[in-house]
Amino acid sequence: MGKGRPRAVEKGVVGASNTVTCCESTSVPSGPVYYPTEDEFKDPLDYIYKIRPEAEPYGICRIVPPKGWNPPFALDLDTFTFPTKTQAIHKLQARPAASDSMTFDLEYSRFLQDQCGKKSRKRVVFEGEDLDLCKLFNAVKRFGGYDKVVDAKKWGDVARFLRPAGKITDCAKHVLCQLYREHLYDYEEFYNKMNQGTAVNCKKGERDERKSDHRVQSSTSKKHPRRVSGLKVKDCKVHVEEERDQICEQCKSGLHGEVMLLCDRCDKGWHTYCLSPPLKQIPQGNWYCFSCLNSDRDSFGFVPGKHYTLEAFRRIADRSRRRWFGSGPVSRVQMEKKFWEIVEGSVGEVEVMYGNDLDTSVYGSGFPRVADQKMQSVDDKLWQEYATIPWNLNNLPKLKGSMLRSIQHNITGVMVPWLYIGMLFSSFCWHFEDHCFYSMNYLHWGEPKCWYSVPGNQASAFEKVMRSSLPDLFDAQPDLLFQLVTMLNPSVLQENGVPVYSVLQEPGNFVITFPRSYHGGFNLGLNCAEAVNFAPADWLPFGAFGADLYQRYHKPAVLSHEELLCVVAQHGDVDSRVSSYLKKELLRISDKEKSWREKLWKDGIIKYSRMTPRKCPQYVGTEEDPTCIICQQYLYLSAVVCSCRPSSFVCLEHSEHLCECKTVKLRLLYRHSLAELFDLAFSMEEFTSDDKAECRSVRRQSSCQGALTKKVKGISVNLNQLATEWLLQSSTILQNPFLSNAFVTTLRKAEQFLWAGSEMDSVRDMVKTLIEAQKWAEGIRDCITKIEFWYQDSTVKKVHLEFIDELLRFNPPPCNEPNYHKLKEYAEEARLLVQDIDTALSRCSKMSELELLYSRACGLPIYMKESKKLEGRISLIKTWLDSVRKCISARHPTVLEFNILYKLKSEILDLQVHLPEIEVFENMLNRAESCSIQCREMLEGPMNLQNVSLLLKEWDNFAVAVPELQLLRQYHSDTVLWVAHVNDLLRRAHVQGDQHNTVNELMHIFEEGSSLKIQVDELPLVEMELKKASCRENALKAHDSRMPLEFIQQLLEEAKMLHIEEEKLFVDLSCVLALAIPWEERAREILSHENPISDFEDMIRDSENIFAILPSLNDVKDAFSEANLWLRNSKPYLVSSPCASSSLLKVEDLQMLVSESKLLKVSLGERRMLELVLKNCKLWECEASSLLDDCRCLFELDNCVDGVSSDLMFRVEDLIARIQSAIASGVSLGFDFIEISKLQASCSTLQWCKRALCFSDCPSSLEDVLEVAEGLSHSSVSGALLKVLVDGVEWLRRALEEISRPCNSRRCHLTEVQDTLNDYKNVNMTFGAVYGQLEEAIRKHMLWQEQVHQFFGLNSRDRSWSLMLQLKELGDTVAFSCSELDMILSEVEKVENWKKRCLDKIGSSVQTDNLLFNVLKKTLERSLFIYGDVKERKDQNLCICCLLHSECQEFLTCSTCMDCYHLQCIGLTAKDTCIENYKCPYCAILIGESHYPSGGGLLRFGKKRIELKILTALLSEAEHFCLRIDEMEVLNELVEKALLCKSFLREILNFASTVVDEDISIVSEKLMKAIKASDVAGVYDEHDNSDLELALAKNLWKIQVNRLLNGVCKPTIRQIQKHMNEGVDMEISAEDHYMLKLTSVKCLGLQWAELAKKVANDSGALSLDKVLEVIVEGENLPVDVDEELKMLRFRCMLYCICRKPYDKKGMIACKQCNEWYHFDCMKLPCTQQLYICPACNPCAEEPLPTNHERLGSAKFVEPKTPSPRHTNPRKKQKRDVGNVTCKMFTTATAAEDRDSSRCRKSNGIECLRWQNRKPFRRAAKKRVELRSLTPILYTQR
């Protein structure tokens, strides 16, 4: 092990790349590199444990394997395909936040309206396009805010965020700064204050909450602010109870509304504790959810791309690399520099593809795996070796010592490796591993990977720098680092004190990242890597941190950390290294569980239950645990659930957020008690004696619950005391007779103790005892019940004796169960019967004895397994008897199977019974055995057909089917059939026919005869006939089709041996053979010598008459076809005019034909003709090469320094003529000569030279020069002469373009023209005229510049607009591009744009500017006149609208304000002059009959007014002009007058806001003046109009309150509350007279209403006279309380003879008078259905109850009032009394001491239904009496 420079690693697949050099160092220090030895490399976890103390402070390290490490790459590079993702590298850091511009616009508009008094923002334009203020704000926030951007001069970087592709000028930076300062600077300050929590809340709803004296407490949920619009105030909802209609998007609960945040855009809700990360309190100002803050359109991520093969991806990667660095080697420093330039956005848009996160279980692993198919090119032993090696990433997570080996199902990306196919600049962004795991990355092949790492102990500092460097991204996405899409330059981290280290991973190297270390990097080219996570024991503390991090951010965890700890501790391989870490983590989670469980017990949770045990507890993740609905974490150890939400679970920390039920209704689910958790923790190590004592002490302290107390109903309760009381109760229950309900109740009470520590072990022991006793007692009772039921119904299942014995085995019994002894007696009886059955089965008994015992067993209600044995024995005997009797009675031959007899014989011993049929059966079996012996002897020796027939005849009718006898019969039958078949076939063998079928039949017969077991004599005859038939069949084949000569010769020899050669078939074959042999000899002769082609044709013709396959025929045909093919290919070259062919011929093809002719076996005359054509082509090629050499010599002439020589033109023209002649001759040959294209190119170049030389002699136009300049752009010819001509033409082109450029769109600079003039000296061609034109253009430009300087040297007032326009026109003609021209054009454009805006914004309704300005001036003077009249009375005969006294116009006077108006001004006609009590529009506004229009005049219908800020903005803009224009003076005068009107209006508004008295007449008068003055003015201010509207609304509110309180009708409390809410919304002072009066009246009404409700529901507690006093008090209130008065009057109704109000006692109605009477007062039974009172039936014998009897022991006596007269008697059934304020009574079962009588009572709904059907006549009468008494009582008071 050591550090140093890594050794080269040889790869067997692709190999390491040499295109990246590593000799240069970077500014980031390198991480450690280790070189393990062969022994150290055996165990990866052990080696990493050794280097961890040294390597972990770096966060990363590189491991170079030993030299012998060379794993084969297990994927097929040709067929491997994979998906990719597109990475926008330029957006990894320099990207705008994914903010939703609509949300920003909403928030910004609210800011403008609430803080600046503006209703909406203006359209902002930057460089001709709309400026996105959202992006601009986030960009400035990225660089620290406005002040830091200005100080650091970062406006260029800000501009690049907005326009990445555009060019950023200094002017653009300045404009962008000004736009931000104007539109966003105030919003930035407000935003920062809101984030710091110091801003004044801008929401009116929140400001109003502080005014608790004047409004009802609203819901604490965050709502939209309420706003005032015009004179109408929206009604505000009063939330008395918590609203549950809003559901949290995370936990899906509508509870806990006090911490529910509502998004101010989408109105969706989230609890503060459900957010990620959660909020501690409700934020100030508006709040928006992350969905509204983040725009899906602008969200950044890696986009899925196409699928590629490795070869296609390699081509793309190579192309990308050549684009950036060419094809040569490049250093790592250059690549790193270029990468970070791209990331920081200074290069432009760059996108690459990355095949990342490829699941190896789907796409395959680069390492060999045992289950994978081995590649053919890899050795089996090598494959197996690397498939099982520990450093194989597929094996690493499951190695011994890894915590992940306890996980049953593989987790993709964690335990299953991921594959990565990278290219240049493909990146993996800053992150640390899931759950803070270790990671191991192996680079299989390709270019290196560049890694960066921050140690885990610096993770917090890293995150802090990331947040400060990219604040806008983290504001939009707080969990940004979880998303792996962001990079930050390591230099930024280093500048902020965060250590960063780098590693260059080469092919064959491993890279290890340590827990919680942030790492990232990029690829230096095409490569393939593989990565996996692993978790040794020292990871456990980091895993706990990862679990806490997931819980903090509400992210689903990869696995349950608590479950992993418990499973490893219980079932894992724990050694000394693992136990120390495991013990600490187990103690940590035990302490955490202890504190939370104790807290919940103190809070009142008393229901506890254990979770369902696992089916496979030895593995992690076999079953899915529920997750907390708040933090999304697995609930393995414990959870809290409530019956109101049975499917929702929370962790212990979030139990208070589950629901709003009381804690006693919650249930805590736990998997292990605290005692089990602490025992598990302390079982991790082998302690010494001292350690064990310390362990016991720690365990006692950790699980001690002595101080665990809580208060229940004000009394302190101790857990140990409760446990002791429970133990005493349990002991008592065990001693008492068993009661199931008592046991269940006691066990349920024990739930609150079992979760605790070891101090509750006694409770756990008692619970086990109780459960065992309950199970025992219930078992006893169940047995007795079943026994008793069996005697009644024998179909009931019996009780097993074994189960009864198990219950009776307890000594002493667990509890007191009375049926114990009764069951014991039943069991004793069953045991005696079992002994008798065992005795009978153990000896040879009679059948009758067994049946008797079985009948006794069936009559017993207990099931015994011995009875089953007895039943089986009896059934077996009966079955055997049936079988034997069938065998004895059988008469047909071979009916009985031999093995059945043996089976029956074997069963005799098992029966153990005396039977007479046994002897008869044994005799039959002996005879069958004798037959078997005889047949076996026959089968073992040689068999003859005759002997076999005699034996079969002897045993022909035997009934038993002996196997040997049946086999002999089969042999005999087969032999007889074969002999008959042979005789038949031999008779047909010599007949000529289908020889093929004959052969097949003989072959089949011969095979069958060979396989017979009995010998036969016909077999040799069959064999001889088979041979002859085969020979005839082959002869038929040769006769029907051509066969080789060798086959025919062999067939004739075989026929001669069989003596059948004289047959006709074989004679014909002899004739064919006689013709074939001479032909074959002649063919061999002509092939050996060159003969004419006619000989070959004859031989082929002769072969058609020979019916055989000739060996040399193919060679003859091949030679003939080759000669014909050569002739066809040669035909185009032998034509007289080859140019007529459609395509040109190739010289190479001609030369190949000449070579092929020498290999032909046929003599041809065309060969010499082709040789002559080839010779002519070679001569032309030599001539063309000579011409090309002459061209090259001409182009390389270097004697042109002092000018072009005079004879050059002649040489060029001569060479052009010669080339054209050679091209014509070459084309005439008809061949495709490559020299022709070269000659044509040279000729074209020479013609270009000729045209270029002509420019020196005569002047030329720019179009001609451009045409010539472009003519040589695609030429591949070069030389000294061409360079001179090209330079000259290029200079001429530049000069002509610059001379004509001022008239074009793009101007050139003066320096460029001067440079062109100086470059003329280096040109070896003369262009005198053009040179003079350049000098003249420069002189005119400089003269124009002097005029411009003189213009700007004048005073600003002396600079005229006309002179500037003249300079502009002259500059457009003669000036080159310069700052003076830009200045003139810019100033002219600004002034023209300003004038255009003036015309657009001011002159839209007036034709000329001067006329408009005069009109605006007069309107402002009228407005000032009205404001001045606030103190001085004006003439009554002037129209308030136009201030003119016109004789020709009629006036109309307002009856309220007494002002005069022209009929025309107010839109009336002459017929309207008779209107009486006319009310002007201004007075109508003041009293709320109409609305004040914003922006438009009230009386000037349809005319639009101008906003003051438009005029001020135009004036402010004009002040920056470099010259004065006439319009500015008029505009300045208008603005001054408008500001003066604004000051008068503000004075009136300030006065109105301070008045709180009852008298509002002065305020109304001033507001009237303000309305009129504001309306007549042609200029208005939006903010002032809004304030005026608010002042009018407040004044109208006071008028309405005055009408409400002093009106004829009393106001209701709802109306008062509505006006109070409106006043609060309008910010009316709490000291205002009308607000105080409303508050007083409301409080008075609410107090009386509360008293009335109490009295109405007191069931007669208050005396009647007191109730009447309350009624009188309510009638005199200034508030309408009619509903409460009705309730009180109904309360005054008296019933029965006791004269009491309704008191919820049972009552019955008289059938005739409908009067109600109590059952008790009238001494009536509750069952009575019909009743007639004594008043309706005075003759009844039943006496009325006395006073004493009626009242009993009652202490309260109501005043006696006379009973109403009984009139209009009607029959009526008994009903219960009803009341509008109380519920009716339902019938209930009387007590057991009564006569089981039942009384009917109905619910409230039935009462109301009956009340609507049968109104109370008595109630109506009483109500009339009370109303008549009220005035009298009031007078007496």
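Residues numbered from 1 in each chain as written. Predicted model: local features only at pLDDT ≥ 70, side-chain atom pairs only at ≥ 80, totals over all residues. Heavy atoms only, no water.

Trainee: Give me the pairing of strand β23 (residues 638–642): which residues, what numbers.
Mentor: Most of β23 sits inside the fold, with 5 of its 5 residues counted as buried. Residue alternation in β23 divides its side chains into two sets, Ser638, Val640 and Cys642 and Ala639 and Val641, and both sets are buried. For β23 and strand β25 (residues 666–670), the ladder comprises 5 bridges, and the chain directions are antiparallel. The residue of β25 that forms the bridge with Val640 is Leu668. As judged from the 2 bridges shared by β23 and strand β24 (residues 645–650), these two strands associate in the antiparallel manner. Bridge pairing links Val640 to Val650 in β24. (Buried < 20%, exposed > 50% of the residue type's maximum accessible area, 1.4 Å probe, protein only. Helix = DSSP H or I, 4+ residues; strand = E, 2+ residues; numbered from the N terminus. Pairing = 2+ DSSP bridges.)

Trainee: Just give me the short version of the sheet that holds β25, but keep the residues and values in it.
Mentor: Spatial ordering of the open sheet is given by β22-β25-β23-β24, a layout of 4 strands whose pairing is mixed. Looking along the sheet, the strands with just one partner apiece sit at the ends: β22 (607–610) and β24. Averaged over all adjacent pairs, the angle separating strand axes in this sheet is 30°, with direction ignored. (Axes fitted to C-alpha atoms, helices over the stretch in contact; angles between N-to-C directions.)

Trainee: Requested: an account of helix α30 (residues 898–911), with residues and values cited.
Mentor: Over its 14 residues, α30 extends 21 Å from the first C-alpha to the last, a length consistent with the 20 Å expected when each residue adds 1.5 Å. Where α30 is buried, its residues touch α29 (865–888), β30 (896–897), α31 (917–940), β31 (960–961) and α33 (963–988). A positive backbone phi angle near 50° is found at Gln912, which sits one or two residues after α30. (Expected span 1.5 Å × (residues − 1). Contact = heavy atoms within 4.5 Å.)

Trainee: I'd like a rundown of the confidence of the model for the protein, residues and numbers included.
Mentor: Chain-level statistics for the protein give a pLDDT mean of 77 and a share of 81% at 70 or above. Long-range and interchain partners of residues 198–244, a stretch whose pLDDT sits below 50, account for 106 contacts in this model, where long-range means more than four residues apart. Note that residues 1746–1837 has pLDDT below 50 and, in this model, 149 contacts with residues that lie over four places away or in other chains. (pLDDT = per-residue confidence, 0-100.)

Trainee: Residue-level account of the state of the cysteines, with values.
Mentor: Summed over all chains, the structure comprises 0 disulfides. Cys659 carries a free sulfur, and the closest cysteine sulfur to it, the one in Cys642, is 3.7 Å from it. (Disulfide = S-S within 2.5 Å.)

Trainee: Any chance you could break down the pattern of salt bridges for me, citing the residues and the numbers?
Mentor: On inspection of all chains with the given rule, the structure shows 50 salt bridges. In this structure, Asp372 engages Arg369 in a salt bridge whose closest nitrogen and oxygen atoms are separated by 2.7 Å. On the accessibility criterion, Asp372 (28% relative accessible area) is partly exposed. We classify Arg369 as buried; its relative accessible area is 19%. The shortest N-O distance in the salt bridge between Lys786 and Asp782 comes to 3.4 Å. Residue Lys786 and its partner Asp782 are both found in helix α25 (residues 761–792); the two are separated by 4 residues, about one turn of the helix. Look at the salt bridges and you will find they share partners, linking Lys1542, Arg1546, Asp1581, Asp1584 and Asp1587 into a network. (Salt bridge = Lys/Arg side-chain N within 4 Å of Asp/Glu carboxyl O.)

Trainee: Could you give me a rundown of the packing of helix α28 (residues 847–858) against α29, with the residues and numbers involved?
Mentor: Viewed as axis vectors pointing N to C, α28 and α29 meet at an angle of 140°, and their least axial separation amounts to 10 Å. Here α29 runs oblique to α28, going by the angle between their axes. Our pair here, α28 against α29, has a crossing hand that is left-handed. Contacts between α28 and α29 involve Met847, Leu850, Glu851, Leu853, Tyr854 and Ala857 on the former and, on the latter, Ser867, Leu870, Glu871, Arg873, Ile874, Ile877 and Lys878. (Parallel < 35°, antiparallel > 145°, perpendicular 65-115°, else oblique. Left-handed = near helix turned anticlockwise from the far one by under 90°.)

Trainee: So what's going on with the side chain of Asn489? Residues and values would help.
Mentor: Among the structural elements, Asn489 can be located in the loop between α15 (471–476) and α16 (490–495). There is a polar contact of 3.0 Å between the side chain of Asn489 and the side chain of Ser491. With near-sequence residues (within four places) excluded, Asn489 lies in contact with Gln93, Trp340 and Glu344. (Polar contact = N/O pair within 3.5 Å; in protein donor to acceptor, adjacent residues only side chain to side chain.)

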